[in-house]
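Listed below are the residues making up each chain.
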Amino acid sequence: FTANNMMPQIESLGANLNPLEKLIYRYLAIPQTRDALITQRSKFAFLDRQSAYGPGRVDTFSSYKTRQFNVPADQLPQEELNGIADFPSVWQQKPREGMQLHWDGNNTSVNERNNSAALALVTPTTIDFDAIHRVADWLWELPAPSYPYAINRELASAGKRLYENNCASCHAFDGAKVGQVTPIEEIATDRGRLDSYTNELLRNQRTLFAGISYQGEDQQFRHFQKTNGYANMPLDGIWLRAPYLHNGSVPTLTDLLERPANRPKTFYRGYDVFDRDKVGFVSNVAEENGKQYFKLDTTLPGNSNSGHLYGTDLPAKDKQALVEYLKQL
């Protein structure tokens with residue numbers, strides 16, 4: 001990406017540059033663009049040290065550290081590098097206000113959570129608050145999508161009792177523990193996402209949006225905190241939120257109710273055909289019509305499908321009933 005290579009290409013595409021424009025391109029635009037690309041490459045060099053994400057997953061904080069706070073990519077500790085997380089649901093945000101948000105429950109403000117997410121693409125000085133709030137207002141009371149297929153009502157009725165006895169305290173909107181963090185020692189799921197959010201990042205975040213207000217309200221981050229586990233999420237629209245766990249390492253609800261040793265070690269993400277029996281997306285298709293799907297290997301860093309043992313000891317008929325009930329949440 002040099003002027004000697006780029007200028008002939010620009011002209012071959014039909015550009016009719018005057019002498020001054022040629023000088024600007026040769027000595028300013030092309031060299032500065034090249035330098036910016038090299039800088040961006042260095043900021044994303046951590047990608048070479050991570051497990052591949054595949055569709056529907058992202059590492060939330062590594063690029064945050066290198067882009068927003070100029071942490072050199074080669075100085076990111078290995079234990080912080082595989083905080084790979086599944087995309088969360090976006091509907092029905094109003095009842096989530098005040099809950100511990102993000103997978104690790106590190107913030108209780110929906111507004112701060114939204115502004116933080118926007119920083120993947122903007123800076124605190126270029127953020128478009130009007131656009132963010134327009135989308136946030138739409139999502140505030142947007143209901144979760146309803147399950148579109150038939151439900152066995154008798155089986156679901158039996159599953160409701162199991163849900164209320166085994167799941168509701170952590171996952172119903174009125175549950176005593178919903179929106180609270182379960183310690184990593186208890187939940188025992190992959191700790192990569194938890195370890196990627198550090199106290200150093202917390203201190204840096206609290207400097208963001210200082211002195212910036214929107215509609216008369218201070219936007220500086222004040223609600224972030226470092227936690228010791230993962231937050232108990234409401235299960236609204238859970239049928240559509242596969243694959244499961246915070247890192248998307250379990251393909252279906254049926255698999256989630258199995259002991260970790262019996263969950264799929266590898267499966268394919270990205271196929272959009274729904275599995276009505278197991279409740280999730282079909283995950284055993286590697287390729288179709290020339291399209292290859294992403295193979296997720298749960299033995300790689302950040303991809304573990306361990307933990308969340310709740311319900312795994314239920315009899316098979318009870319597991320089936322519970323899954324049938326969960327379809328209608």
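Conventions and cut-offs
Residues numbered from 1 in each chain as written. Predicted model: local features only at pLDDT ≥ 70, side-chain atom pairs only at ≥ 80, totals over all residues. Heavy atoms only, no water. Core = buried A, V, L, I, M, F, W, Y, C linked by side-chain atoms within 4.5 Å. Buried < 20%, exposed > 50% of the residue type's maximum accessible area, 1.4 Å probe, protein only. Helix = DSSP H or I, 4+ residues; strand = E, 2+ residues; numbered from the N terminus. Contact = heavy atoms within 4.5 Å. Axes fitted to C-alpha atoms, helices over the stretch in contact; angles between N-to-C directions. Parallel < 35°, antiparallel > 145°, perpendicular 65-115°, else oblique. Left-handed = near helix turned anticlockwise from the far one by under 90°. Patch = residues over 30% accessible without salt bridge, like charges linked within 9 Å, V, L, I, M, F, W, Y side chains within 5 Å. Areas by Shrake-Rupley, 256 points an atom, 1.4 Å probe, with all protein chains shown as cover. Salt bridge = Lys/Arg side-chain N within 4 Å of Asp/Glu carboxyl O. Lys, Arg positive; Asp, Glu negative; His and termini not counted. Polar contact = N/O pair within 3.5 Å; in protein donor to acceptor, adjacent residues only side chain to side chain.

**Here's the deal with the nonpolar core**
Membership of the largest hydrophobic core comes to 26 residues, with the highest contact counts inside it found for Tyr163, Tyr244, Leu253, Val279, Leu322 and Leu326. Counting only elements with at least two residues in this core, the list comes to α6 (153-166), α11 (253-256) and α12 (316-326). Per element, the largest residue contribution to this core is 5 residues, and it comes from α12. Sequence-distant contacts of tyrosine 244, defined by excluding residues within four places in its chain, comprise Ile238, Trp239, Ser249, Val250, Pro251, Thr252, Leu253, Leu256 and Val279. Formed by 16 residues, the second largest nonpolar core is a distinct cluster that contains Tyr64, Phe69, Ala118 and Ile132.

**Digging into the packing of helix α4 (residues 110-118) against helix α5 (residues 129-140)**
In contact at an axis separation of 11 Å, α4 and α5 are set at 125° when each is read in the N-to-C sense. Here α5 runs oblique to α4, going by the angle between their axes. With respect to the hand of their crossing, α4 and α5 are arranged in right-handed fashion. On α5, the residues touching Val110, Asn111, Asn114, Asn115 and Ala118 of α4 are Phe129, Ile132, His133, Ala136 and Trp140.

**Topic: α4**
The buried fraction of α4 is high, at 7 of 9 residues. Considered for burial, the residues of α4 that qualify are Val110, Glu112, Arg113, Asn114, Asn115, Ser116 and Ala118. Packing partners of the buried residues in α4 comprise α3 (62-68), α5 and α10 (199-205).

**Side note on a nonpolar patch on the surface**
On the surface, Leu20, Leu23, Ile24, Tyr27 and Leu28 cluster together into a nonpolar patch covering about 530 Å² of accessible area. Here tyrosine 27 lies in helix α2 (residues 19-43).

**So, unusual backbone geometry**
Following alanine 242, the chain continues to proline 243 via a peptide bond in cis, the omega torsion being -5°. With respect to the helices and strands, proline 243 occurs in the loop between β6 (229-231) and α11. Here glutamine 92, not a glycine, exhibits a phi torsion of approximately 50°, which is positive. On the secondary structure map, glutamine 92 appears in the loop between β2 (84-86) and α4. Overall, glutamine 92 belongs to the partly exposed group, its relative accessible area being 23%. Located in the positive-phi region is alanine 188, a residue other than glycine, with phi close to 60°. Relative to the elements of secondary structure, alanine 188 occurs in the loop between α8 (184-187) and α9 (192-196). Classification of alanine 188 as partly exposed rests on a relative accessible area of 35%.

**Digging into the side chain of aspartate 59**
Along the polypeptide, aspartate 59 turns up in strand β1 (residues 57-59). Buried aspartate 59, no salt bridge; nearest opposite-charge side chain is arginine 193, N-O distance 7.1 Å. Polar side-chain contacts of aspartate 59 include one of 2.5 Å to the side chain of glutamine 50. Polar side-chain contacts of aspartate 59 include one of 2.5 Å to the side chain of serine 62.

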